[in-house]
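Observations on the three-dimensional arrangement
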Amino acid sequence: LNMSGIHAIRVSLFFLIVMWLVYWAEFIFFIDFYQFGVLPGKLSGLKGVFLMPFIHSKNDPFHIINNSLPMLFLSMALFYFYRSIAWAVLLFGWISSGVLLWFFAEQNGSSHIGMSGIIYMLAFFLFFSGVFRKNKPLQAISLFIAFLYGSMVWGLFPLQVKVSWEGHLSGAFVGIILAVLYRKRGPQRPK
């Protein structure tokens, strides 16, 4: 592995480890972090913009399990193929998708938690970024993302109870916007 690959693995593992440590802390210390998620429309709910991705349902282990592998793979792809802009995409995408969720999600008193908004942001950024750049290796990554995660499109609709489709939609929208905004930065098509 070259330095870019090692860096991509380290960053991705860091986020995965923090996610699981927070999950285990809920059991060890008998704490429920659910209230620290994004609570739409409430000023106190804005803290969730920063904390939401690390909080997963204590009662549903599949929530964190289903978010772990996509987060690991997609963040690795971001930091490997788009290293020069990866931190900007991740941090701006994280905050903007959380703020968008806070503004537009239904205000029904329930918090939004989990890494899936960021996963949607990463998947849509990686897919559209490869399409816009017309760079063959990045287009191959786009096709691979579509093959692996194409069914994610169903998560953009209110089809399942207790699934934050608004979080998914916010992440997807921000991912597309970032792919457009950053299309001239980072790797480009060879001349």
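To be clear, the structure that these remarks concern was listed above.
As a packed pair, helix H1 (residues 3-28) and helix H4 (residues 83-104) sit with axes 11 Å apart at the nearest point and diverge in direction by 20°. Between H1 and H4, the interaxial angle falls into the category roughly parallel. For the pair H1 and H4, the sense of crossing is right-handed. Contacts between H1 and H4 pair Met-3, Ser-4, His-7, Val-11 and Phe-15 from the former with Arg-83, Trp-87, Leu-90 and Trp-94 from the latter. Of the residues belonging to the contact of H1 with H4, the class tally is six nonpolar, two polar and one charged.

Right, let's get into a positive patch on the surface. A cluster of basic residues, Lys-134, Lys-136, Arg-183, Lys-184 and Arg-189, forms a positive patch on the protein surface. Of note, Lys-184 is situated in the segment after helix H7 (165-181).

Analysis parameters
Residues numbered from 1 in each chain as written. Predicted model: local features only at pLDDT ≥ 70, side-chain atom pairs only at ≥ 80, totals over all residues. Heavy atoms only, no water. Axes fitted to C-alpha atoms, helices over the stretch in contact; angles between N-to-C directions. Helix = DSSP H or I, 4+ residues; strand = E, 2+ residues; numbered from the N terminus. Parallel < 35°, antiparallel > 145°, perpendicular 65-115°, else oblique. Left-handed = near helix turned anticlockwise from the far one by under 90°. Contact = heavy atoms within 4.5 Å. Nonpolar A, V, L, I, M, F, W, Y, C, P; charged D, E, K, R; others polar. Patch = residues over 30% accessible without salt bridge, like charges linked within 9 Å, V, L, I, M, F, W, Y side chains within 5 Å. Areas by Shrake-Rupley, 256 points an atom, 1.4 Å probe, with all protein chains shown as cover. Salt bridge = Lys/Arg side-chain N within 4 Å of Asp/Glu carboxyl O. Lys, Arg positive; Asp, Glu negative; His and termini not counted. Charge placed at Lys NZ, Arg CZ, Asp CG, Glu CD.

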